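Overview (structure and organization)
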Amino acid sequence: MARILLVDDEEPIRGFLKRGLEMDGHTVVTAVDGSDGLDRLAESGFDLMLTDIRMPLMDGIALALAAKRDYPDLTILLMTGFADQRERARGLDAIVADVLTKPFTLADMRATVARTLRAAGAVAAR
C-alpha cells in the first residue's frame, strides 16, 4: 500500500482520516500545518499527500506548490470546506490530482485516495 502524508490543522479530523487510511493498509504520517508538512516531506518516500487548504502558517495551496517544486513525482490531493478555497485550487490542475469538498464521508475519501493512487500508478491500490 501507499505511504501518505496527511496535513490538517484540526486534530480530530486528522485522527479520523488517518485511521480511515490505515484501514486500507496505508502508512500515514501526519503534519499539523503546511510548514510542518513541508518539513515532513523531507523524510521522502511519500506516494501521496492529502492536505487541507485552509491552515495557519502555510496553507495547502502554498504547500502543494512547494511540494511539487521539490518533489515533482508526488501525487497531491487537496481538501476544503470553503467554496472560495476550491476556486483558488481550480488553477492547480497540473499539480493537484483532485480536490475533496468537505463535508465528505470516510468512504468517499478512501475511494478518492484509492482511485488517485491507481491513476498515478503509485501503488497497487485497492
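Residues numbered from 1 in each chain as written. Predicted model: local features only at pLDDT ≥ 70, side-chain atom pairs only at ≥ 80, totals over all residues. Heavy atoms only, no water.

1. Points about the UniProt feature "modified residue: 4-aspartylphosphate" (unreviewed entry) in the chain
In this structure's numbering, the residues bearing the UniProt feature "modified residue: 4-aspartylphosphate" (unreviewed entry) are Asp52. The residue Asp52 is located in strand β3 (residues 48-52) in this model. Excluding its chain neighbours within four sequence positions, the residues that come into contact with Asp52 are Val7, Asp8, Asp9, Gly60, Met79, Thr80 and Lys102. (UniProt positions renumbered as here; feature names shortened; annotations may be inferred. Helix = DSSP H or I, 4+ residues; strand = E, 2+ residues; numbered from the N terminus. Contact = heavy atoms within 4.5 Å.)

2. Description of the packing of helix α2 (residues 34-41) against helix α3 (residues 60-70)
Helix packing for two helices is described by the angle between their axes and how far apart those axes are. Where α2 meets α3, the closest approach of the two axes is 9 Å, and the angle between their N-to-C directions is 15°. In terms of their interaxial angle, α2 and α3 are classed as roughly parallel. In the crossing of α2 with α3, the sense of the turn from one axis to the other is right-handed. Contacts between α2 and α3 involve Gly34, Gly37, Leu38 and Leu41 on the former and, on the latter, Leu63, Ala66 and Ala67. Within the contact of α2 with α3, the residues separate by chemical class into five nonpolar, two polar and no charged. (Axes fitted to C-alpha atoms, helices over the stretch in contact; angles between N-to-C directions. Parallel < 35°, antiparallel > 145°, perpendicular 65-115°, else oblique. Left-handed = near helix turned anticlockwise from the far one by under 90°. Nonpolar A, V, L, I, M, F, W, Y, C, P; charged D, E, K, R; others polar.)

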